Structure formats: structure tokens, C-alpha cells
Amino acid sequence: MRVFVAGDSTAATYPVTLAPQAGWGQALPLFWDVPVVNEAVPGASARTSVERLGMYERIMSALGPGDVLLVCFGHNDGKHEQGRFAPPYGGYQEFLRRYVHGARERGARPVLVTSVERRTCGTEGTHGRYPGAMRDLAAAEAVPLVDLQAASLRRWRELGPEATRELFLWLDPHPNYPRGSADDTHFTARGAVEVARLLLEAAGDLLPRAVRTPDPDLMDWRPVMPVWSIDARSGERRHEYASTSPEEVGRACREAEALLPLLDVSGPPGRAALLEAMADALDARVDDLVAAADAETALGPPRLTGEVARTSGQLRLFAEALREGSFLDVRLDAADGVKPDLRRMNVPLGVVGVFSASNFPFAFSVGGGDTASALAAGCPVIVKAHSLHPETSELTLAALQEGARGAGFPAEVVQLVHGREAGVALVRNPLVKAVGFTGSIPGGRFLYDIAKARPEPIPFYGELGSLNPLVVTPGAAARRTEEIAAGLVASATLGAGQFCVKPGLVLAPADGALVEEMARHFTELDPQVLLGDGIRESFTTGAGEREVIPGVRVAATGQVGGERQVTARLLTGPVSALNASELLLEECFGPMTVVLTYGDEDELLHALAATPGNLTATLHSEPEEEKLAARIMTVMRDRAGRLVFDAYPTGVAVGWAQQHGGPYPATTEPSTTSVGTAAIFRFLRPVVYQNCPAHLLPEALRDDNPWRLPRRLNGMLTLP
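Our subject in this report is the structure included herewith.

Basis of the calculations
- Residues numbered from 1 in each chain as written.
- Predicted model: local features only at pLDDT ≥ 70, side-chain atom pairs only at ≥ 80, totals over all residues.
- Heavy atoms only, no water.
- Pairing = 2+ DSSP bridges.
- Helix = DSSP H or I, 4+ residues; strand = E, 2+ residues; numbered from the N terminus.
- Axes fitted to C-alpha atoms, helices over the stretch in contact; angles between N-to-C directions.
- Phe/Tyr/Trp six-rings, centres within 6.5 Å; stacked < 30°, edge-to-face > 60°.
- Buried < 20%, exposed > 50% of the residue type's maximum accessible area, 1.4 Å probe, protein only.
- Polar contact = N/O pair within 3.5 Å; in protein donor to acceptor, adjacent residues only side chain to side chain.
- Contact = heavy atoms within 4.5 Å.
- Salt bridge = Lys/Arg side-chain N within 4 Å of Asp/Glu carboxyl O.
- Arc of directions from axis to C-beta.
- Core = buried A, V, L, I, M, F, W, Y, C linked by side-chain atoms within 4.5 Å.
- Disulfide = S-S within 2.5 Å.
- Parallel < 35°, antiparallel > 145°, perpendicular 65-115°, else oblique.
- Left-handed = near helix turned anticlockwise from the far one by under 90°.
- Nonpolar A, V, L, I, M, F, W, Y, C, P; charged D, E, K, R; others polar.
- Right-handed = clockwise from strand over helix to strand, strands pointing away.

1. Comments concerning the sheet that holds strand β14 (residues 381-384)
Hydrogen bonding along the main chain pairs the strands of a sheet, whether they run parallel or antiparallel.
1) Next: Here we have five strands laid out as an open sheet, ordered β15-β14-β13-β16-β17, and parallel in their pairing. The open sheet terminates on both sides in strands that have one partner only, identified here as β15 (414-417) and β17 (460-463). Taking the axes of each pair of neighbouring strands and ignoring which way they run, one obtains an average angle of 15° across the sheet.

In C-alpha cells form, the structure reads like this:
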């Protein structure tokens, strides 16, 4: 016999990082030796347990003859949010009935349990008609019932308000609750034990008798796997950080959602001040930030110092965009007797989840462009730290939160979570309304599929992988061989080839000397340390797989280094090698590029057309090759979001006109950008106010234009 628990936060099992919070399902094993399978999830209602959380499926797939299923919902079922609501004598009973029938079909015994009462329960309780609906269903279906609501209501009234505080999550400042807690719904270990005792007493013969007196000090909290800060050069462990549990992710999401009105009412001027304060805080801590990031990534202090400056610069640029105001896209159509008065503007999308990039520990991570653009839009942000730089992430978060407090905002406008499980929970949380991601194709597709399979699908702005083809025409190869060779090698190996816009495929004429010149530069390259063990192993494997493709040869390698270093590689072959393996059309992250040579224009254009979507495509040509360049440019435009001419794609300027996006697999949303002020539009949605009374209009839509915004009035752009 096993006892399964289907329920909400009052019954759930909590991780050690949330101790002393505990649920009554977590306390049951202290009374007996019967196996308890606790599937209760914080925030669950009967409806979401079936439709969104997978609780019903998990239980039914494991439930068997002789098992007991305790079904306890009611705390969240009356809430008109997150898809949780179901009327007590409608959907609520129907979802409970599914559990009852499912258990009986599997030879198990269902037991309905009314919800435990809150501490401030008054005389009638706090669950409205839901306990009565469960009692009536139990009678109609002849299902055993444990009336925990009635038992707990009596008990809390007996104890009184002061004594019950020791059972509920009322805490002074605590390591897991730095601001303390005043929670009248959830329990400490002692409270969870008391509720479990009430449950067993009310159950009588429905459940096994207690075989021992429970000791709350023996409560078992779920362990949390650590995330380690690793020295990229030595592989030594530096600092340990706890992974964030799904329950903690849920709490962070609720805290973030509560700040949406504050960010909205602060308006563009208030959010501009917030971003500037964050930028100042980052600049003030640059030495500590760079030291931690260099240890974790081996990218070097000069590169990282510049990246911090780029990150604070992004924040200030979005502050500038907020004060300029066109991001709101205000459009006013006056009523004319035929059409109504229409006033349109952009509003914040909601809580945004951001996934940090491995290769940019600042500019595409905790304080990077996704965070800056989301905050500018008025969206609180929860960042999933990258596992390769957790210390850098924590230090960056501390700077951002210091800036937030200095600007008069709560620190929780930006929060941080660690661990893979936390990332999945973040994408699945119904309070999260959009996700920004920079990473690998497999990781991005996994999360993209989750985001799109949610009951409420959400935008997933993923930057996944890019080959960034670079074309050299015959004229350019003949006139600028040395210049192009030197620039190409520098671009392909910058940052150990770990840039998202690294030119990974070069198309060059077969009769030129470009490969030989590039080879000379490659042999001079020092061995390089990659961001982490997994990235190094993937590079070594990927390079080896490409080296054995028929027609491909190693044209040059860099200098050989130590065990934790990699050697740069230059591969070459004819464009016909593309017929032998699709690997040549996939990104290989690290210091390597492939030069494929073509014999004529048709061969070049055919090879270029075979490339997948990219962030960039680059052309080196000469003025007299205008017709060829035009043909190439037409193909390039269909393959990339940024076209580069007679330069190199590495180095992404942050400005008003930048586009950092492209067709899949470069990004999942090619019409958007993750760099530049246009990135803000990812986290906004338009709303129209039709015939809205003047006193209810947002300031941006008022006739007197108090924010001095550029607006389109009856189709005509007007400046303040």
C-alpha cells in the first residue's frame, strides 16, 4: 500500500532552501512507515492539476491496486487568474470526479480531503462554498471524506491567534527568508505536523494509524543540487550555489508579478532613472565583476572590462529610448461620426524570463540586453543564471538590485535563479509571459517547445545558432588577399571563436591564395581556453567530425597547448563537400572556420543558398563586380538579419538601427532583435482604448500629452 497526495502548497513537500516551510503531505512519513508519494504542487487548483501541471497524469501512471489517493484542493480554485478558477458546483466537482474515477479504475481507493483552514479563518472559514461542494460530491459518489477544513477550523479557534502563529510561517528575518515572513496560509514543520495529526484523527479507519509520535525536528526537506563556480583555466571548484527549486521559482514569479503595477505607474521617466541607476552600480563594481568573470570564463580582463561598459551602455541607451517615447507607438484617431474615438499604445507584456548566454557573461546575461529591454518595457525580470558563471551572475544581480533600491524601486524587479530544473519551471510558470534565450539549438528548441506547448503559449525569443557565411569574390580575393586573410582569422578566433557572429563558413574562389594566407596566420595562434568542459568537448568532437568529411582537409592548426586548452583549426575543401555532410552547414562553437572554394558564380550562389538562417552574412567584393555583388546580396538578404560589407561580423554595435536576429535557426522570431532599442518591442503589446472617458485615459493617450511623446494623430506624425 502506498498513499498518494494530490493537492496544493499546504500539502506540498518543500526543498531545504525554503525550510522551515513544510506541508502536511511532507509530515505524514513522520507518523508511519507507509510510503508517501506526494505530488502536491504549490499554487495548484483542481483544474490546473489536470490541465496544466501534469499532476493527474503522474499520479494515474503510478497508482495501483491497494493504493490510497488523498485529493485535497480548494485554496486556489476560486482565484480568477492563471487558469485556476472553476466554480464549486461546476468544474471543481468535475475535476475532483476525474481523480475519483481514475483511482477506482486502477483498483486504488480515493479519499477526498477538504482544505485546511488559514490562520485568519474567522467563524465561517475562508474557502467559501468549495468545502461544501466537496462534501456533496463525496456523498453523491459514495467517496470517503476527511473533513480537514472543519477539524482545522475548530483547532485554530481553540488555540487562538497567538498560539497559531507558531504553527504558521510567521518568522523573524531568517537565512531563507531575509525579510522575515507573516504568512497565514502556509506552515512551519511544527504546523505541518499538527495538520497531519488532525488529518489522521479525522480519517479514523480510512488511513493507517500512527505508529510513532512525530518529531518536527526530524522533518525531511527535499535536497537541492548545487551549482558550482568553476575556474575555467584550472577546472577547480571555487564557490557553491544552491539550485533554485520549482517552488522558489513560483515564489519569485509571484513577487515579480506584484511589481507590474509599480513599474507601469512609474512611467518612462521613472524606468529611465531605474536603468541609469543600475548602469551606475555596474560601473562602480567593474573590478569585482571582471575578476569573477575572468576566473569563470577565461575571456580576459580587457575583453570583460569592455563588456561591462557595453552592458551599462545598453542600460543607458534604453533610458534614452524611454525618454524619447516613440516605443509606445501612440496613435490617436478622432471620432468623426462614423468611426469611434480610438487611442492605441503599447503596454508591458508581463513577467519576463531571461536565460543567460555562456559567451557573454555581462552583455547577454543578468544585466544584458534582454533584461534592459524588458525592464524598459515595464516588465519585471527573472534571470536563469548560466551554469558557467554563477558567481558573476550573483555579483551582477547585487549591482542591479542596489541600483534599483537607489532609484526607489524594490530589488525584486530583477531576480535570479540557478539550475536546469529552475529554467524549465520558469518557462512553464503561467505568470511568465515571454522568454528571452541565448544558447544552443538543442537547449533552445527544448525550451521553445515547452513555451509553445503551454495552455497559454508565450513568445520565446531564442537566439540559437548561426554559421554567418562570409563571401569573398574573385576581385576581392585577388586585390586584398592579405588584408582579408588577417581580418578573417582575427574575426573567426576572437574570444576563442565563441562569438555568436563568428564567420564559420567562408566561400572563396578556388584559384586564389586566401587559404594559404589564412593558414599562415592560423599557425601563429596560441592555444586557447574555452568557457567550460562541455563546450571544449563539443568543439573537439565537432572539429574531428568535420575533418573526416570527404573532400575536407586541415589547412592549418594553431599551437598545441595543455590539457584544458584547444588548438585553432582551419579546414578547407571544395563547395562540393557540402554534398557529403550537412555538418558543414552547422555552427561549430570555438576557434575554427571552414573555407570552401568555388569555381564559378553559379557554384558560389548555389552554396550560399544552401546555408540556413543566420544572424549575419558578409560580402567582400570590388566596385567593378556590381552585378555579381547584387546577385549575392539578394541571396544574403534571405539568409540573414544583418548584411556586412567589406568588414567582419564580430562586433555588434548597440544602437537605434541594429538588428541582431535572423531566420531560424539563428533565431526563433526573425522579425525581432535582441540588440538595439528595437528590442523593447518584444516585451510590449498594443491596446486600444475606444471611446474611453478622458479621466480614465493613461497619460500617454491624454489630449494634453503630459509626457511630451511623439504621436500619430489621424495618421499624421506629430512631435512634442
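That covers the picture; the talk isn't over yet.
2. Section: the packing of aromatic side chains
1) Next: Overall, the coordinates contain twelve aromatic pairs when judged by the stated rule.
2) Next: On the numbers, 4.8 Å between centres and 45° between planes, the contact of Phe 168 with Phe 187 is tilted. Placement of the pair is Phe 168 in strand β7 (residues 168-171) and Phe 187 in strand β8 (residues 181-188), with a sequence separation of 19 residues. Pair check on accessibility: Phe 168 and Phe 187 agree, each one buried.
3) Next: With a centroid separation of 6.0 Å and 85° between ring planes, the pair formed by Tyr 448 and Phe 460 is classed as edge-to-face. A residue pair is termed long-range when its members are at least 10 positions apart, and Tyr 448 in helix α15 (residues 441-453) and Phe 460 in strand β17 qualify at twelve residues.

3. Focus on unusual backbone geometry
1) Next: The omega torsion across Ala 19 and Pro 20 is 15°, close enough to zero to call that bond cis.
2) Next: Its location among the elements puts Pro 20 in the loop between β1 (3-7) and β2 (21-22).
3) Next: Residue Ala 142 is not a glycine yet carries a positive backbone phi of 55°.
4) Next: Among the secondary structure elements, Ala 142 is positioned in the loop between α5 (130-141) and β6 (145-146).
5) Next: Judged by relative accessible area, which is 60%, Ala 142 ranks as exposed.
6) Next: One non-glycine residue, Arg 708, lies in the positive phi region at around 60°.
7) Next: In this structure, Arg 708 sits in the loop between β25 (684-690) and β26 (711-713).

4. A word on the side chain of Ser 312
1) Next: Checked against the element boundaries, Ser 312 lands in helix α11 (residues 301-324).
2) Next: With relative accessibility at 2%, the residue Ser 312 sits in the buried group.
3) Next: A polar side-chain atom of Ser 312 sits 2.9 Å from a polar atom in the side chain of Asp 283.
4) Next: Beyond its immediate sequence surroundings of up to four residues, Ser 312 is in contact with Ala 279, Leu 282 and Asp 283.

5. Some thoughts on the sheet that holds β25
1) Next: Ordered by their spatial adjacency, five strands build an open sheet running β25-β12-β11-β26-β27, and the pairing between neighbours is mixed. Each edge of the open sheet is held by one strand with a lone partner, namely β25 and β27 (716-718). Put simply, the sheet's adjacent strands are angled 25° from each other on average, direction ignored.
2) Next: In this structure, β26 lies alongside β27, joined through three bridges in antiparallel fashion. Opposite Arg 712, over in β27, you have Leu 717 as the bridge partner.

6. Some points on the environment of Gly 250
1) Next: The residue Gly 250 is located in helix α8 (residues 246-258) in this model.
2) Next: The class of Gly 250 is buried, set by a relative accessible area of 8%.
3) Next: With 240 residues separating them in the primary sequence, Gly 250 and Thr 10 have C-alpha atoms 14 Å apart.

7. Thoughts on the pattern of salt bridges
1) Next: Under the counting rule described, the total for this entry stands at 50 salt bridges.
2) Next: A salt bridge links Arg 179 to Glu 412; the shortest N-O distance between them is 2.7 Å. Residue Arg 179 is located in the loop between β7 and β8, and its partner Glu 412 is located in the loop between α13 (390-406) and β15; the two are separated by 233 residues in the primary sequence.
3) Next: Overall, Glu 412 belongs to the buried group, its relative accessible area being 18%.
4) Next: The partner of Arg 344 in a salt bridge is Asp 329, and the shortest N-O contact between them spans 3.4 Å. Note that Arg 344 is positioned in strand β12 (residues 342-348) and Asp 329 in the loop between α11 and β11 (330-333), a separation of 15 residues in sequence.
5) Next: The class of Arg 344 is partly exposed, set by a relative accessible area of 28%.
6) Next: Exposure remark for Asp 329: the relative accessible area of 25% places this residue in the partly exposed category.
7) Next: Salt bridges linked by common partners bring Arg 479, Arg 480, Glu 483, Glu 622, Glu 624 and Asp 646 together as one network.

8. With respect to helix α3 (residues 55-62)
1) Next: Taken residue by residue, α3 has Met 55, Tyr 56, Ile 59 and Met 60 as its buried positions. An end-on view of α3 places all buried positions within 115° of arc, on one side of the element.

9. Topic: the side chain of Ser 373
1) Next: Within the secondary structure layout, Ser 373 lies in helix α12 (residues 369-377).
2) Next: A polar contact of 2.9 Å, which involves the side chain of Ser 373, links it to the side chain of Arg 682.

10. Things to note about the nonpolar core
1) Next: Judged by nonpolar contacts, the single largest core of 93 residues is most densely connected at Met 278, Val 413, Leu 507 and Ile 632.
2) Next: Top contributing element to this core by residue count: helix α9 (residues 260-284), with eight residues.
3) Next: Setting aside chain neighbours within four positions, we find Val 413 in contact with Leu 259, Leu 263, Met 278, Leu 375, Pro 380, Val 381 and Ala 404.

11. Brief notes about the state of the cysteines
Note on terminology: disulfide describes a covalent bond linking the sulfur atoms of two cysteines.
1) Next: One pass over the full model with this rule turns up zero disulfides.
2) Next: With no disulfide partner, Cys 379 has as its closest neighbouring cysteine sulfur the one in Cys 253, 13 Å distant.

12. Section: the packing of α9 against α12
1) Next: Contact geometry of α9 with α12 gives a least axis separation of 9 Å together with a crossing angle of 155°. One finds that α9 runs roughly antiparallel with respect to α12. Crossing geometry of α9 relative to α12 is assigned as right-handed. Along its contact with α9, which presents Arg 271, Leu 275 and Met 278, the element α12 presents Ala 372, Leu 375, Ala 376 and Ala 377.
2) Next: Tallied by class, the residues present in the contact of α9 with α12 amount to six nonpolar, no polar and one charged.

13. Structural notes on the packing of helix α14 (residues 420-428) against α15
1) Next: Two elements in contact, α14 and α15, have axes whose closest approach is 9 Å; the angle formed by their N-to-C orientations is 30°. With respect to each other, α14 and α15 are oriented roughly parallel. Here the hand of the crossing between α14 and α15 comes out right-handed. Mapping the contact onto sequence places Arg 420, Gly 423, Val 424, Val 427 and Arg 428 in α14 and Phe 446, Leu 447, Ile 450 and Ala 451 in α15.
2) Next: Tallied by class, the residues present in the contact of α14 with α15 amount to six nonpolar, one polar and two charged.

14. With respect to the pairing of strand β5 (residues 109-113)
Regular strands place side chains that alternate from one sheet face to the opposite one.
1) Next: Burial of β5 is extensive: four of the five residues sit out of reach of the surface.
2) Next: Of the strand pairs in this sheet, strand β4 (residues 68-72) and β5 are connected by four bridges, and their pairing is parallel. Its bridge partner being in β5, Leu 69 is matched across the sheet by Pro 110.
3) Next: Of the strand pairs in this sheet, β5 and β6 are connected by two bridges, and their pairing is parallel. If you follow Leu 112 over to β6, its bridge partner there is Leu 145.
4) Next: Crossover handedness for the path β5 to α5 to β6: right-handed.

Shape is all these values report; function is a separate question.
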